[in-house]
Amino acid sequence: MRFDTRVVHEGQPPDPLTGAVNVPVYLTSTYVQTAPNRNRGYAYSRTGNPTRAALEAALAGLESGAAGFAFSSGMGAITTLLDDLPAGSRVLAGEDLYGGTFRLLEHRRKMGTLRPVFEDFRDLGRVRAALASEPTALVLAESPTNPLLQLCDLAAIARVAHRHGARVAVDNTFATPVLQRPIELGADYVVHSLTKYLGGHSDLVGGAIVVRDPAAAERVGWLQNALGAVPGPLDCYLVLRGLKTLGIRMARHSENGRAVAEFLARSPKVARVHYPGLPGHPQYALARRQMSAPGGMLSCELKGGVPAARRLLRRLRIFLLAESLGGVESLVDHPATMTHASIPRAERQRRGVSDGLLRFSCGIEDPRDLIEDLRGALKGI
Ligand SMILES: *Cc1c(COP(=O)(O)O)cnc(C)c1O
């Protein structure tokens, strides 16, 4: 079966009991037992729930992993993944990282439980040197990154990491398995914020881990139950429903992302556009090799800096000013004061996240309306 067919059917066969074409929402915390500790596979809904199991099977299938695990948020998934590391482990993470992930790693450093180090993952030589300098337990990569849309060569990083005995986790939230499948490129874990493209409708918060090998599945499953950051069945159902349209949504998100990026790149008021689908992107060739399409996320800097960015935000009508991304509706974000405010300003600027940077999540609206919205707003600044 081809991928767009699998997103509709993976993990979601008709209900064997009734023939219902949708996975039933099992709103239950517990399950009756035939004798003490004798049950039909489910005993308590933190440990397992049939609606969640269907979602986990779907995610494992789509990401080509041995098993999937769903969580109450993307951060719940990453917290659980980090909890699998022995105290004092070194974690090598990409420098341009989701703000919440950076905050969590810094928290673990302060508590003395992990030793995170950050490196520019665009440069394989630096990744190699960082891995050669000290034993590392986990390499944590994002590609494309948030908010600068930088890419890293996931297959090459996995090869180098494995040579040094490190495991590799890839946060695939921006790309989704439609555009890129890290486990097929050598990663050991894929993590997701289901809140974004996989849910796709800005109506839930959720997360996931998909693991490559069965031994890791056992450990992550144990931790999922022990730590307890699990989603409710209704949220799991909403993600299952979102998954069915993931193929066509990602195609439209990518089309709209490209149209908006090309429009902004032509505007005399825009200084720089970060979008992996533009031939001027420094990793355009890698994007074409590693991803099936460039996606719906982009960011830009205006020539007028912060004041111009503020004026533009006030004038936009269709692009809603909001945190988050990946929904059917287009959103705009000011990373310095919103999604990335948890990174100290000096550190942000060193990484190239200027105070005037704007991040766009292009939805699935008619691209002509998105461009008219931007054209009208840019006129006034
Ligand atoms: C949003 C996001 C997260 C965190 O997910 P939540 O569901 O908000 O907890 C992690 N990584 C990336 C890339 C994200 O965009």
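With that settled, the discussion passes to the sheet that holds strand 10 (residues 320-321). One open sheet accounts for five strands, arranged 8-9-12-11-10; its pairing is mixed. Looking at strand neighbours, the two that pair on one side only are strand 8 (270-274) and strand 10, the edges of this open sheet. Sheet topology places strand 9 (residues 297-302) next to strand 12 (residues 357-361); five bridges connect them, and they run antiparallel. Within strand 12, the position partnered with Glu301 by the bridge is Leu357. Helix-sheet contacts for helix 10 (residues 246-266) involve strand 8, strand 9 and strand 12, and the interaxial angle to strand 9 is about 15°.

Counting across every chain of the model gives three aromatic pairs. Between Phe102 and Phe118, the ring centres sit 5.2 Å apart and the planes meet at 50°, which makes this aromatic pair tilted. Of the two residues, Phe102 is situated in helix 4 (residues 99-110) and Phe118 in strand 3 (residues 114-119); the sequence distance between them amounts to 16 residues. Given a relative accessible area of 19%, Phe118 falls into the buried group. Positioned above the aromatic ring of Phe3, the side-chain terminus of Arg181 is 4.2 Å from the ring centre. One residue, Arg351, lies across the ring of Phe118, its end atom 5.4 Å from the ring centre.

Glancing now at unusual backbone geometry. For the bond running from Ser143 to Pro144, omega is -5°, close enough to zero to count as cis. By the secondary structure assignment, Pro144 is in the loop between strand 4 (138-142) and helix 6 (154-163). Residues Asn146 and Pro147 are joined by a peptide bond in cis, for which omega reads 10°. Summarising the element assignment, Pro147 is placed in the loop between strand 4 and helix 6.

This part takes up a positive patch on the surface. The grouping of Arg310, Arg311, Arg314, Arg315 and Arg317 at the surface amounts to a positive patch. Within the secondary structure, Arg315 is located in helix 12 (residues 305-315). A relative accessible area of 34% means that Arg315 is categorised as partly exposed.

Before going further, it helps to examine the pairing of strand 4. Counting buried positions along strand 4 yields five of five residues, so the element is predominantly enclosed. Neither face of strand 4 is left uncovered, since the one carrying Leu138, Leu140 and Glu142 and the one carrying Val139 and Ala141 both have all their residues buried. Pairing analysis gives three bridges linking strand 2 (residues 89-94) to strand 4, with the strands arranged parallel. Paired with Leu92 across the strands is Val139, a residue of strand 4. Crossover handedness for the path strand 4 to helix 6 to strand 5 (residues 167-171): right-handed.

Right, let's talk about the pattern of salt bridges for a bit. Pairs can form between side chains of opposite charge once their charged atoms are near each other. A full pass over the atoms with the stated rule returns 20 salt bridges. Of the charged contacts, one joins Arg368 and Asp366 as a salt bridge, the two residues approaching to 2.7 Å between their closest N and O atoms. By relative accessible area, Asp366 is classed as partly exposed at 25%. Several salt bridges share partner residues, and in doing so they unite Glu95, Glu347, Arg350 and Arg351 into one network.

Strand order across the open sheet formed by seven strands is 1-7-6-5-4-2-3, with mixed pairing between neighbours. Because the sheet does not close on itself, it has two edges, and the strands there are strand 1 (67-71) and strand 3. Across this sheet, the average inter-strand angle for adjacent strands is 20°, counted without regard to direction. Pairing of strand 1 with strand 7 (residues 207-211) involves five bridges; the strand directions are antiparallel. Among the inter-strand pairings, Phe69 is bridged to a residue of strand 7, identified as Ile209. Across the sheet, helix 3 (residues 74-82) is in contact with strand 1, strand 3, strand 4, strand 5, strand 6 (189-193) and strand 7; its angle to strand 7 comes to roughly 40°.

So, on to helix 6. Of the residues making up helix 6, those classed as buried are Leu154, Ala156, Ile157, Ala158, Val160 and Ala161. Those residues of helix 6 that are buried are in contact with helix 5 (124-133), strand 4, strand 5 and helix 11 (284-290). One or two steps after helix 6, the chain reaches Gly165, where phi turns positive at roughly 75°.

This part takes up the site of the ligand. As a structural note, the neighbourhood of the ligand is formed by Ser73, Gly74, Met75, Tyr98, Asp171, Thr173, Ser193, Thr195, Lys196, Gly206 and Leu325. For the ligand, a nitrogen atom lies 2.7 Å from a polar atom in the side chain of Asp171. Contact with the protein chains covers 92% of the free accessible surface of the ligand, which is 370 Å². Looking at the shell around the ligand residue by residue, the classes come out as three nonpolar, six polar and two charged.

How each quantity is defined
Counting starts from 1 at the beginning of each chain's written sequence and moves along it residue by residue. Local features in this predicted model are restricted to residues whose pLDDT is 70 or higher, and side-chain atom pairs enter the listing and the counts only when it is 80 or higher, whereas totals over whole chains, interfaces and linings include all residues. For the side-chain quantities, the full set of heavy atoms in the structure was used; hydrogens and water were omitted. Strand pairing is defined by DSSP finding a minimum of two bridges between the two strands. For the purposes of this entry, the term helix denotes a DSSP run of H or I that reaches at least four residues, the term strand denotes a run of E that reaches at least two, and both are numbered from the N terminus. The contact definition used throughout considers only heavy atoms, calling two residues in contact when any of these lie within 4.5 Å. The angle between two axes is taken between their N-to-C directions and runs from 0 to 180 degrees, where each axis is a line fitted to C-alpha atoms and a helix contributes only its stretch in contact. Two aromatic rings, drawn from Phe, Tyr or Trp (for Trp, its six-membered ring), form a pair once their centres lie within 6.5 Å of each other, and the interplanar angle then sorts them: stacked below 30 degrees, edge-to-face above 60, tilted otherwise. Buried, partly exposed and exposed residues are distinguished by accessible area as a fraction of the type maximum, computed with a 1.4 Å probe on protein chains only: under 20%, between the cut-offs, and over 50%, respectively. Ring-over charges, as used throughout, are those where CZ of Arg or NZ of Lys falls within 6 Å of the ring centre and within 35 degrees of the ring normal. To count toward a patch, a residue needs a relative accessible area above 30% and no salt bridge. Like charges then connect within 9 Å, nonpolar side chains (Val, Leu, Ile, Met, Phe, Trp, Tyr) within 5 Å. To measure how exposed things are, a 1.4 Å probe is used in the Shrake-Rupley method; for residues, cover is taken only from the protein chains shown. Salt bridges are defined as contacts in which a side-chain nitrogen from Lys or Arg sits within 4 Å of a carboxyl oxygen from Asp or Glu. The charged-residue count follows a simple rule in which Lys and Arg add positive charge and Asp and Glu add negative charge, with His and chain termini not counted at all. Where a charge lies is defined by one atom per residue type: Lys uses NZ, Arg uses CZ, Asp uses CG and Glu uses CD. Looking down the strands as they point away from you, a crossover is right-handed if its path from the first strand over the helix to the second goes clockwise. Throughout, the term near means that a residue has one or more heavy atoms lying within 4 Å of the molecule or strand in question. We define a polar contact as two N or O atoms separated by no more than 3.5 Å, with the added condition that, inside protein, one atom must be a possible hydrogen donor and the other a possible acceptor, whereas residues neighbouring each other in sequence contribute only through side-chain atom pairs. Following the grouping adopted for this structure description, the nonpolar residues are Ala, Val, Leu, Ile, Met, Phe, Trp, Tyr, Cys and Pro, the charged ones are Asp, Glu, Lys and Arg, and the polar ones are all others, Gly among them.

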